[in-house]
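Fold and contact review
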Amino acid sequence: MRASVAQALFDAAGTNPNLFVVSGDAGFGVLDEFQRRFPHQYVNLGVAEQHAIGFAAGMALAGRKVVVYNIAPFVLYRCYEQVRNDICYQDLPVVLIGTGSGVAYAPAGMTHYSIEDVAVARTLPGLVVLSPADPLETRACMAHALRCGRPTYVRIAKGKEPVLHAQAPESVAEPLVLSEGGGVAVLCHGSVAAEVVQAVRGMERPPRVLSVPMLQPLGGEALRARLEGVGTILTVEEHYEIGGLGSIVADWMAAHNLRFRLRKLGFPHAFIHAVRNSAGLREAAGLSVDRIRAAVAACMAEGGGR
Amino acid sequence: MKTRAPTLADEARRLEELARRARRKLIETACRSKTAHVGSCLSCVDMLVALYFGVLRIERESWDRRDIFVLSKGHAALALYAVLNVRGALDDATLAGYFLDGGSLPAHLDRATHPWIEASAGSLGHGLPMAAGLAYARKLAGSPARVFCLVGDGESEEGSVWECALFAPRLGLDNLTVLLDVNRLQGYGRPQELCAFEPVQDKWAAFGWDVRRLDGHNMAGLLEACRLPACGKPRVLVCDTVKGKGVSFMEDELKWHYYIVTEELRDRAFGELEDPHAG
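These figures come from a predicted structure and were not determined experimentally.

With that settled, consider the overall build of chain A. Secondary structure assignment for chain A yields 12 helices and 12 strands. Relative to the globule expectation of 19 Å for 306 residues, the C-alpha radius of gyration of chain A, 19 Å, shows essentially globular dimensions. Looking at chain A as a whole, 62% of its 306 residues qualify as buried. Here chain A has roughly 11700 Å² of accessible surface; of this, 52% comes from carbon and sulfur atoms.

Next up on the list: the interface of chain A and chain B. On the side of chain B, 23 residues touch chain A, which itself brings 25 residues to the contact. Both faces combined, the contact of chain A with chain B buries some 2000 Å², and carbon together with sulfur accounts for 63% of it. Contact with chain B buries area across many residues of chain A, yet His51, Phe55 and Leu61 of chain A alone supply 28% of it, more than any other trio. Counting the contacts that link chain A with chain B gives zero salt bridges.

Residues and elements named next belong to chain A. According to the domain assignment, chain A contains domain 1 (2-155) and domain 2 (176-301). Distance between the C-alpha centres of domain 1 and domain 2: 25 Å. Each partner contributes to the interface: domain 1 provides 28 residues, whereas domain 2 provides 29 residues. Interface area for domain 1 against domain 2, summed over the two sides, is near 2200 Å², with a carbon-plus-sulfur share of 58%. Applying the counting criterion to the domain 1 and domain 2 interface returns one salt bridge.

A word on the pairing of strand β5 (residues 235-240) of chain B. Residues and elements named next belong to chain B. Counted residue by residue, β5 has five buried out of six residues, so it is predominantly covered. Bridge analysis of strand β3 (residues 176-182) against β5 gives six bridges, and the strand direction is parallel. By the bridge assignment for β5, Leu179 is matched with Leu237. As paired strands, strand β4 (residues 210-215) and β5 are joined by six bridges and run parallel to one another.

Attention now moves to helix α1 (residues 8-33) of chain B. With 26 residues, α1 of chain B should cover 38 Å at 1.5 Å per step; its first-to-last C-alpha distance of 36 Å lies within 8% of that length. At the C-terminal side of α1 of chain B, Lys34 of chain B shows a positive phi close to 55°.

Looking now at the side chain of Arg64 of chain A. Its place among the elements puts Arg64 of chain A in the loop between α3 (49-61) and β3 (65-71). Notably, Arg64 of chain A is buried but unbridged: the nearest opposite-charge side chain belongs to Asp64 of chain B, and the N-O separation is 11 Å. At 3.2 Å, the side chain of Arg64 of chain A forms a polar contact with the backbone oxygen of Pro17 of chain A.

The rules behind each value
- Residues numbered from 1 in each chain as written.
- Chains lettered and ligands numbered in written order.
- Predicted model: local features only at pLDDT ≥ 70, side-chain atom pairs only at ≥ 80, totals over all residues.
- Heavy atoms only, no water.
- Helix = DSSP H or I, 4+ residues; strand = E, 2+ residues; numbered from the N terminus.
- Rg over C-alpha atoms; globule rule 2.2 N^0.38 Å.
- Buried < 20%, exposed > 50% of the residue type's maximum accessible area, 1.4 Å probe, protein only.
- Areas by Shrake-Rupley, 256 points an atom, 1.4 Å probe, with all protein chains shown as cover.
- Contact = heavy atoms within 4.5 Å.
- Buried area = accessible area lost by both parts, 1.4 Å probe.
- Salt bridge = Lys/Arg side-chain N within 4 Å of Asp/Glu carboxyl O.
- Domains from an automatic or database assignment.
- Pairing = 2+ DSSP bridges.
- Expected span 1.5 Å × (residues − 1).
- Lys, Arg positive; Asp, Glu negative; His and termini not counted.
- Polar contact = N/O pair within 3.5 Å; in protein donor to acceptor, adjacent residues only side chain to side chain.

Printed below as a string of structure tokens:
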């Protein structure tokens, strides 16, 4: 995903001299080529996140299209109030790219995980929240972020995520079908989608798997259309099971009086002290291939479609 | 008849009267709206008048080329509104809606409320990084415009102010001037009693800024300092001021961070803010 981001920025900067990239002392091996090729469209504002976000807002006030690149906690948590007041309150089209979604950096420790970023980001009105599932969605999300003229948060994992789509999606504003099935719909976002795709492969009664790259605003109409013949929704996300996609779907159902059975798979709402790698932490939270498959089977057994 | 060109002293005298007018507007509006932060507003009126009447090139050029002012201590919004009103940029009806239910202007700055409000501010330590970003973008665009930013002394306890102080010199922001309003009183104490605030000019100098310390109520001095040519470094004007300046019973009084101007106190204040040359 990082390579997709780097490529998207590189391509955009070549055609748009107004584009400007702010790094928060991150980007080794990702932004190297960019800063060599576009030295006047790049600055490293160091380990000073509040300043970096305010500064980006100031450049945006002057009409520049600014992209801030950093590890997710350092574009959203450390500087939440700057994102709130300086970017979103002033409705500035700054793009925040947060890397290391979920527990991608495990076992780096809790300080470097972002399993509440969607919950935090969606508190901000007008902030577009994008969480691509694979490198192709990442390209499409970057295209959307650079084009939409809104404050945008793009949540990406790190490198070497598998490609899940047969072809690049045209739009990320709507849920995307990753595999067909029925009765149960698995809704996911982010790189854990690869686990979901693997989990449902070869199932006798496969569920429909949808990637939801745009978490805010939720493409509700399109989602509803893609839930035809579905009785149970299972959300799967590398995020706390509160505040993320599961909660977004619950809110959406409540707002529109929709009667799906809703099951949520995500991290329990607790700090992580276990020293495990990403796969280990996902496994413990029920986000491994086997446990996702078991959760889907349980949804089917509960009555799935009917 | 031959007229001599106005001197700096003439200009300062003219601006001092405008500052008195702005203070009257400020007191009147604070009284009507029953709002706090009157002392915080009064300490920076002279700086704002110097900027808006003697320094900022605002109207004669397009936005891209015009000077920008960012009020970082957003709780002094009323001072800015009053000065913009005297400047003719913000009409009486708009000012009359200050802090009223269903009104037009909040107690802290919202850029969406008026075209002359360049940046939203209220939570401290936000305006300066934004001003730096504006200055940097202007610099990259080759714009001759300057960016001014007013920061409070209490506000300077925010880490983000010092993050900016650390980066601005390295970024070559010699088009950025900070006016530091050292009124020596914050919300519940004095900066110097709460932290190692002084010698504040040495701190900024150590970070690589061009530093001047001056009387923040001396109009001629303010005009001169704000008009200094760029010197290759960002500049900070450490302005020694008095909280509540211009109204004797408010001066250097912590309570005027909070107190409401009653009609009786308003009339007393007006008595002290009359034009000495009038009548």
